[in-house]
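# Notes for the structure review
Below are the chains, spelled out letter by letter.
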Amino acid sequence: DGIRDDLVTGVQTCALPIYLLAAHDFVALQETHSDAGRARMLTMPHHSVAFYSHGTARTAGVCLWVKRQFLRLFDPVHDRSWLEVVPGRAAILRLDGPTGSLDIGVVYMHTGAARAARQQVQDSLLRAMRPRTSTLNLLMGDWNFVCDATDRFHRPDAAGRQDVPEYTRFAMNFQRERGFQELAQLDFTHDSALGRSRLDRVYSDHALA
């Protein structure tokens with residue numbers, strides 16, 4: 001929320017992503033509530049460049065900040081390198097170079113009971129992604145559904161909650177057919193009066209050994 005608020009109010013720097021970029025090659029942001037004007041108001045660190053897929057002033061918006069030094073490992077990016085799969089909800093940065101191809105995807109799925117909308121975004125991602133035989137694919141962001149009963153706890157009874165139908169379809173399409181594995185982290189990234197959930201996850205389709 002702090003990142004989103006900074007983007008909305010147009011302050012000159014976002015402390016957290018800049019801090020993260022100090023030790024990482026790229027940072028994915030979701031729920032930016034950004035538009036073209038607000039993006040221009042944000043002064044990027046000189047060592048990085050931003051790729052935006054805007055939603056509206058009230059909903060959605062995703063962004064990828066990438067270090068220029070990392071981009072120099074690949075061929076120069078062009079207009080088609082940044083693919084807005086579903087504007088404000090899912091986008092992919094396509095990088096190709098002498099050492100191989102890398103696609104970095106950032107997602108912000110619809111919230112609440114909007115399962116059909118989330119499925120449409122996932123279907124669009126499946127159509128847009130390049131095969132793992134030619135490209136290393138990373139997908140990161142706020143998926144707004146959980147995979148396991150231990151990923152969401154309901155405060156009144158401390159019981160676990162799992163989005164079984166949604167995860168079952170995700171597991172079949174992304175994990176079994178496309179080979180995606182979660183880069184596991186155990187932090188609960190969503191906290192509200194109703195409960196806590198582990199909604200933000202990162203997936204990679206690299207081969208396991």
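From a predicted model like this one, the values you see are computed outputs, not experimental measurements. (Residues numbered from 1 in each chain as written. Predicted model: local features only at pLDDT ≥ 70, side-chain atom pairs only at ≥ 80, totals over all residues. Heavy atoms only, no water.)

### Side note on the nonpolar core
Basically, it comes down to this: We define the nonpolar core as a collection of buried residues of types Ala, Val, Leu, Ile, Met, Phe, Trp, Tyr and Cys that are connected through side-chain atoms lying within 4.5 Å of one another. With a 1.4 Å probe rolled over the protein chains alone, any residue whose accessible area is under 20% of its type maximum counts as buried; one over 50% counts as exposed, and the rest are partly exposed. Numbering of helices and strands starts at the N terminus; helices are DSSP runs of H or I of at least 4 residues and strands are runs of E of at least 2. Residues count as neighbours in contact if any of their non-hydrogen atoms are within 4.5 Å of one another.
By size, the foremost hydrophobic cluster in this structure holds 20 residues, and its most contacted members are Phe-26, Leu-64, Val-66, Phe-70, Leu-93, Leu-95 and Ile-104. At the level of secondary structure, the elements contributing two or more residues to this core comprise strand S1 (26-30), strand S3 (62-67), helix H4 (68-71), strand S5 (90-97), strand S6 (100-108) and strand S7 (136-142). Top contributing element to this core by residue count: S6, with four residues. Other than its neighbours up to four places away in sequence, Val-66 contacts Asp-25, Phe-26, His-47, Ser-48, Val-49, Phe-51, Leu-71 and Leu-93. Of all hydrophobic cores here, the second largest spans 19 residues; its members include Val-85, Met-109, Leu-125 and Phe-180.

### Quick word on helix H6 (residues 164-176)
Our working definition: Note that the bend at a residue is defined as the angle between axes fitted to the seven residues ending at it and the seven residues starting at it.
The largest bend along H6 reaches roughly 25° and is located at Phe-170. All of the buried residues in H6 are Glu-166, Phe-170, Ala-171, Asn-173, Phe-174 and Gln-175. In this structure, the buried residues of H6 make contact with helix H5 (115-128), S7 and strand S13 (200-204).

### Notes on the sheet that holds S1
Heads up, the rule is: Between any two strands, pairing holds if DSSP finds at least two bridges. For helices, the fitted axis covers only the stretch in contact; all axes are lines through C-alpha atoms, and the angles between them, taken along N-to-C directions, range from 0 to 180 degrees.
As summarised here, the arrangement of the three strands in space is S1-S3-S2, forming an open sheet in which the pairing is antiparallel. Across the chains shown, the open sheet's two edge strands, defined by having one partner strand only, are S1 and strand S2 (48-53). Strand after strand, the sheet turns through a mean of 15° between neighbouring axes, direction not considered. One ladder, built from six bridges, connects S2 with S3; its direction is antiparallel. Bridged to Ala-50 within S3 is Trp-65.

### Brief notes about the packing of aromatic side chains
Each aromatic ring pair is described using two quantities: the centre-to-centre distance and the angle formed by the ring planes. What counts, and what does not: Side-chain rings of Phe, Tyr and Trp, where Trp is taken by its six-membered ring, are said to pair if the distance between their centres is within 6.5 Å; with planes under 30 degrees apart they count as stacked, over 60 as edge-to-face, and otherwise as tilted.
Within the structure shown, the criterion is met by 11 aromatic pairs. Ring centres 5.4 Å apart and planes at 90° place the aromatic pair Trp-143 and Tyr-203 in the edge-to-face group. Taken as a pair, Trp-143 in the loop between S7 and strand S8 (152-154) and Tyr-203 in strand S13 lie far apart in primary sequence, 60 residues in all. Residue Trp-143 is classed as buried on the basis of its relative accessible area, which comes to 0%. A relative accessible area of 1% places Tyr-203 in the buried class.

### A closer look at the pairing of S1
In terms of burial, S1 is largely enclosed, as four of its five residues are buried. The pairing of S1 with S3 spans five bridges and is classified as antiparallel. Across the sheet, Leu-29 pairs through a bridge with Cys-63, a residue of S3.

### Description of the confidence of the model for the protein
Threshold: Scored between 0 and 100, pLDDT is the confidence that the predictor attaches to each residue.
Confidence in the prediction of the protein, expressed as mean pLDDT, is 84, and 86% of residues score 70 or more. Contacts of residues 1-13 to residues separated by more than four positions or lying in other chains number 30 contacts, the stretch itself having pLDDT below 50.

### A look at unusual backbone geometry
The backbone of Glu-31 sits at a positive phi, close to 55°, despite the residue not being glycine. As for its placement among the helices and strands, Glu-31 is situated in the loop between S1 and helix H3 (36-41). In this structure, His-33 is a non-glycine residue whose phi angle is positive, near 50°. With respect to the element layout, His-33 can be found in the loop between S1 and H3. On the basis of relative accessibility, which here comes to 10%, the residue His-33 falls in the buried class.

### Quick notes on the environment of Leu-199
Along the chain, Leu-199 turns up in the loop between strand S12 (195-197) and S13. For Leu-199, a relative accessible area of 5% gives the class buried. A sequence separation of 11 residues divides Leu-199 from Phe-188, and the C-alpha atoms of the two residues are 7.4 Å apart.

### Section: the pattern of salt bridges
As a reminder of what qualifies: What makes a salt bridge here is a side-chain nitrogen of Lys or Arg within 4 Å of a carboxyl oxygen of Asp or Glu, nothing more.
On inspection of all chains with the given rule, the structure shows six salt bridges. Residue Asp-96 pairs with Arg-130 through a salt bridge whose shortest N-O separation is 3.0 Å. A residue pair is termed long-range when its members are at least 10 positions apart, and Asp-96 in strand S5 and Arg-130 in the loop between H5 and S7 qualify at 34 residues. By relative accessible area, which is 29% here, Asp-96 ends up partly exposed. The shortest N-O distance in the salt bridge between Asp-103 and Arg-130 comes to 2.6 Å. Of this pair, Asp-103 sits in strand S6 while Arg-130 sits in the loop between H5 and S7, and the two are 27 residues apart along the sequence. The exposure class of Asp-103 is buried, given its relative accessible area of 1%. The network of salt bridges with common partners includes Arg-94, Asp-96, Asp-103 and Arg-130.

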